[in-house]
Amino acid sequence: MIELDTIRSLTQEQALERAYAAKAALGKRLTILGHHYQADSIVEISDITGDSLELSRKAAGVESEFIVFCGVHFMAESADMLTSAHQKVILPDLAAGCSMADMATHEELESALDLLEGDLGLSILPVTYVNSSAAVKRVVGLHGGVVCTSSNAAQVVGWALAQGKVVLFAPDQHLGRNTSFKLGVPLEEMPLWDPRVHDGGAGQDAYRKAKVILWKGHCSVHTRMHKSDVDHWRTTDPGRKVLVHPECVFDVVQAADLAGSTSFILKTLESAPSHSKWAVGTEVNLVQRLAKIHPDKDIVPLSQVQCLCSTMFRIDPWHLCWVLENLQEGVVVNQVVVDSETRHWATVALQRMLDLSK
Ligand code: 13P
Ligand code: SF4
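A brief look at the structure comes next. (Residues numbered from 1 in each chain as written. Chains lettered and ligands numbered in written order. Predicted model: local features only at pLDDT ≥ 70, side-chain atom pairs only at ≥ 80, totals over all residues. Heavy atoms only, no water.)

### Examining the overall build of the chain
Line of reasoning, step 1. The secondary structure content of the chain amounts to 16 helices and 13 strands.
Line of reasoning, step 2. A compact globule built from 358 residues would reach a C-alpha radius of gyration of about 21 Å, and the chain, at 21 Å, matches this within 12%.
Line of reasoning, step 3. In terms of principal-axis extent, the alpha carbons of the chain reach across some 60 × 55 × 35 Å.
Line of reasoning, step 4. Residue pairs at least 24 apart in sequence account for 67% of intrachain contacts in the chain once pairs closer than 6 positions are excluded.
Line of reasoning, step 5. For the chain, the computed accessible surface area is about 14600 Å², with 52% contributed by carbon and sulfur atoms.
Line of reasoning, step 6. Positive and negative charge centroids in the chain, built from 32 and 43 side chains respectively, lie 5 Å apart. (Helix = DSSP H or I, 4+ residues; strand = E, 2+ residues; numbered from the N terminus. Rg over C-alpha atoms; globule rule 2.2 N^0.38 Å. Contact = heavy atoms within 4.5 Å. Areas by Shrake-Rupley, 256 points an atom, 1.4 Å probe, with all protein chains shown as cover. Lys, Arg positive; Asp, Glu negative; His and termini not counted. Charge placed at Lys NZ, Arg CZ, Asp CG, Glu CD.)

The following block contains the structure:
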């Protein structure tokens, strides 16, 4: 096995050069998937890029033996569940997690469901954002629930609401609130469920009147953008449009012109007229790349604060070179494997999403 330390001594250019060489040697045996938040060098070497929904869909169609996933852990887990048993999904750095996904454990979700259904007698339909562990998705699948991503949240939550049950949306309160409000659910009918408080913390009355119960989780990158950032552009540059990701807080999404997934942001800017001006509220790597590839448009980050997803950024040329050269040597490092029982029920919830958003 090649040790990571031997690769770390390379310059970034050398690591990339060797990663490209290993990729070429592996040929059709390898597919590299890259999320839009990856650094430019990683996006450039990826065979397929996309938002979470596109990457899940495309992973399901990949035939190669090795799938190197340049993204975060829950994405690699989804890819493992949607591919066949003989295919191996590899995450170049296993420490590339998602702090939002870590805000809901399967034990916490099980105890929330026990309390809401058992003690309060509510009939709950759980919806989990794809940014959650396979173990959480398993609990959701077992309870007749469904996964959603930022690009199909309205479709999925709309379907869930139509089932006549109370929706428990985890783990991102902001995507849950923004989506449910857009579907006509008043804010007063969306109490928070705090997993760190035994009974959720909002009071039994609030849960009994709820249409949607929002898990108290958030993205530490998108919650760094504030309504004052939107106000700043509205006063200093009224012609500039504001485009944000729906993981941003409610006030920001309400004040923005448009909100949508990373691919929605990409496509909106691609089709925007030359000389149009945009303030974009999402991860900074993506905003900077979009500014670079559209020099005819004026694209700036919404916030002055650097909103970088540090865990996405863990996937760097050195880790990529390390996993690829090991594969070339016949050694599989950093494989992400979901056990079969978890896989079964989590895939039920994932597949329900894919069927709903065809
Ligand atoms: P997308 O599905 O929009 O790519 O979002 C994934 C994500 O983690 C955003 O923070
Ligand atoms: Fe998770 Fe936020 Fe990073 Fe997306 S941007 S992967 S939600 S921490």
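### Some words on the site of ligand 1
Line of reasoning, step 1. For ligand 1, the full set of nearby residues is His 35, Tyr 37, Asp 51, Ser 52, Tyr 129, Asn 131, Ser 150, His 222, His 245, Glu 247, Ser 261 and Thr 262.
Line of reasoning, step 2. Within the side chain of Ser 52, one N or O atom sits 2.9 Å away from an oxygen atom of ligand 1.
Line of reasoning, step 3. Here ligand 1 loses 96% of its free accessible area of 310 Å² to cover by the protein chains.
Line of reasoning, step 4. Here the shell around ligand 1 is built from residues that sort into two nonpolar, eight polar and two charged. (Near = heavy atom within 4 Å. Polar contact = N/O pair within 3.5 Å; in protein donor to acceptor, adjacent residues only side chain to side chain. Nonpolar A, V, L, I, M, F, W, Y, C, P; charged D, E, K, R; others polar.)

### Overview of the site of ligand 2
Line of reasoning, step 1. Near ligand 2 the following residues occur: Tyr 37, Cys 98, Ser 99, Met 100, Asn 131, Cys 219, Val 221, Glu 247, Cys 309 and Met 312.
Line of reasoning, step 2. Looking at side-chain class alone, the shell around ligand 2 contains seven nonpolar, two polar and one charged residues.

Interpretation in functional terms is not warranted from these geometric data alone.
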